[in-house]
Amino acid sequence: MSTASHSTPVAAVDHHERTQRWRHWAAAHPVAAYAILAYALSWTLWVPAVAGGGGVLVLILFFAGALGPAGAALIVTKAIGAPVHVWARQIVKWRVPVRYYVYALGLPALLFAVVNVELALAGQNLDLSLIGDRLPAYLGTFLLVVTIGGGLEEPGWRGFALPRLQAQHTPVKATLILGLIWGGWHLPLYGLGAVGPIAFVFFYTWLCNRTGSVLLCILLHASFTPALDHLVLREDSLGVDLAILTTLVAAAVALVALTKGRLGYDPSTAPADLDQERKETNRA
């Protein structure tokens, strides 16, 4: 009885100290803490899903794993004492000029239209009859991604990680770092194909910086996924992959050049609590 009565308080104190140490470390390294937690949450669900083959349980694990970045962002935001309402407000911010909705919904379709033109000019035969079948599939995939799919990653990548990376690095460097983290997160699902997000990441940074809206980034995500899946009017091949990569890289380079590397970033619009986080990081 005596041993038990004394062991519980000691265990509680140890747990409290470990929690406090983690909070201090996360406050000094918020993006690292976020990335580790996002990977841990998602991979814990995805690894058994990938190994499990098919079935309803696998689908549940897959979609639940996609919530890892948002869950990690919420946990780390609370742990470091940052205001959750500031983070959450970005997710529902819809009052932005209409041109940004046009960008979010239309840019992916435009880029993949360019891909089709490039393929045609290269002598590839496009199957225009696919358009009738692909448009309903495009809409279905869009709705899936925007409601329960990959679009729900955005409160993490753009809502939490991007502003903190840009507080420490130039917009281009911050975007590249985020692209590597974002791509690596997809490894259990896509293998080496996980490098793909690096080709897309600059378009999200500009939109997020210009609008401060994670909601718009969710719409952009939900537009890119079906564009990649359904808007190339021929079967996949090395030539198709090269045309997509070339187009995306060229467009990203043009965006960086046109914005002189700023990618729409305005330090004065960054969340005020990032100043304190930056001081914590510098002290560490």
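Residues numbered from 1 in each chain as written. Predicted model: local features only at pLDDT ≥ 70, side-chain atom pairs only at ≥ 80, totals over all residues. Heavy atoms only, no water.

**Considerations on the overall build of the chain**
When helices and strands are tallied, the chain shows 14 helices and zero strands. When its helices and strands are written in sequence order, the chain yields α-α-α-α-α-α-α-α-α-α-α-α-α-α. For the C-alpha atoms alone, the extent of the chain along its principal axes is close to 80 × 50 × 30 Å. Relative to all contacts within the chain whose residues are 6 or more apart in sequence, the contacts with residues 24 or more apart total 80%. (Helix = DSSP H or I, 4+ residues; strand = E, 2+ residues; numbered from the N terminus. Contact = heavy atoms within 4.5 Å.)

**Topic: a nonpolar patch on the surface**
The grouping of Trp22, Trp25, Ile36, Leu41 and Ile75 at the surface amounts to a nonpolar patch, some 450 Å² of accessible area in total. Tracing the sequence through the fold places Trp25 in helix α1 (residues 2-28). The class for Trp25 is partly exposed, based on a relative accessible area of 36%. (Patch = residues over 30% accessible without salt bridge, like charges linked within 9 Å, V, L, I, M, F, W, Y side chains within 5 Å. Areas by Shrake-Rupley, 256 points an atom, 1.4 Å probe, with all protein chains shown as cover. Salt bridge = Lys/Arg side-chain N within 4 Å of Asp/Glu carboxyl O. Buried < 20%, exposed > 50% of the residue type's maximum accessible area, 1.4 Å probe, protein only.)

**Brief notes about the layout of surface pockets**
Space inside the largest pocket adds up to approximately 1100 Å³. Contributing to the lining of the largest pocket are 37 residues, with Tyr190, Phe200, Thr225, Leu228 and Asp229 lying nearest its centre. Those elements giving two or more residues to the lining of the largest pocket turn out to be α3 (56-65), α7 (130-147), α9 (171-185), α10 (187-190), α11 (197-211), α12 (214-230) and α13 (238-258). (1 Å grid on protein atoms, 1.4 Å probe; cavity = no way out; pocket = protein on both sides within 12 Å on 5 of 7 lines; lining within 4 Å. Points joined across faces, edges and corners; volume = space filled by probe spheres on them.)

**Overview of the state of the cysteines**
All chains considered together, the criterion is met by zero disulfides. Of the cysteine sulfurs around Cys217, a residue in no disulfide, the closest is that of Cys208, at 4.3 Å. Taking relative accessible area as the criterion, Cys217 reaches 0% and is therefore assigned buried. (Disulfide = S-S within 2.5 Å.)

**Quick word on unusual backbone geometry**
A positive phi angle, near 55 degrees, is found at Lys260, a position not held by glycine. Along the chain, Lys260 turns up in the loop between α13 and α14 (273-283). Backbone geometry places Leu263, a non-glycine residue, at a positive phi of 50 degrees.

**Considering the packing of aromatic side chains**
Counted according to the given criterion, the structure contains 13 aromatic pairs. Centre to centre, the rings of Tyr100 and Trp206 are 5.9 Å apart; their planes meet at 50 degrees, and the pair counts as tilted. Residue Tyr100 is found in helix α6 (residues 98-121), and its partner Trp206 is found in helix α11; the two are separated by 106 residues along the sequence. When the ring of Trp182 is compared with that of Tyr204, the centres are 5.2 Å apart and the planes differ by 85 degrees; the resulting orientation is edge-to-face. One end of the pair, Trp182, is in helix α9; the other, Tyr204, is in helix α11, with 22 residues separating them in the sequence. By the burial criterion, Trp182 is buried, and Tyr204 matches it. (Phe/Tyr/Trp six-rings, centres within 6.5 Å; stacked < 30°, edge-to-face > 60°.)

**Overview of the packing of helix α8 (residues 154-168) against α9**
Interhelical geometry of α8 versus α9 gives an angle of 145 degrees and a closest axis separation of 9 Å. Read as a crossing pair, α8 and α9 show a hand that is right-handed. Across the interface between the two elements, Glu154, Trp157, Arg158, Ala161, Leu162, Leu165 and Gln166 of α8 pack against Pro171, Ala174, Ile177, Leu178, Ile181, Trp182 and Trp185 of α9. For the contact of α8 with α9, the class distribution of residues is 11 nonpolar, one polar and two charged. (Axes fitted to C-alpha atoms, helices over the stretch in contact; angles between N-to-C directions. Left-handed = near helix turned anticlockwise from the far one by under 90°. Nonpolar A, V, L, I, M, F, W, Y, C, P; charged D, E, K, R; others polar.)

**Brief notes about a negative patch on the surface**
Side chains of Asp127, Glu235, Asp236 and Asp241 sit close together on the surface and give a patch of like negative charge. With respect to the element layout, Asp127 can be found in the loop between α6 and α7. (Lys, Arg positive; Asp, Glu negative; His and termini not counted. Charge placed at Lys NZ, Arg CZ, Asp CG, Glu CD.)

**Concerning the nonpolar core**
Residues Tyr34, Phe112, Phe203, Leu207 and Phe224 are the most contacted members of the largest nonpolar core, which totals 63 residues. Considering each element in turn, this core owes the most residues, nine residues, to α11. Contact partners of Leu207, with chain neighbours within four places excluded, come to Tyr100, Tyr103, Ala104, Gly212, Leu216, Cys217 and Leu220. (Core = buried A, V, L, I, M, F, W, Y, C linked by side-chain atoms within 4.5 Å.)

**Remarks on the side chain of Asn116**
In this structure, Asn116 sits in helix α6. Classification of Asn116 by relative accessible area gives buried; the value is 9%. For Asn116, the residues in contact, after removing those within four places along its chain, are Leu126, Leu231, Val232 and Leu233.

**A few points about the pattern of salt bridges**
Taken as a whole, this structure holds one salt bridge when the rule is applied. Note that Glu154 is salt-bridged to Arg158, the shortest N-O span being 2.7 Å. One end of the pair, Glu154, and the other, Arg158, are both in helix α8, four residues apart, so they sit about a helical turn from each other. Per residue, the accessibility class of Glu154 equals that of Arg158, and both read buried.

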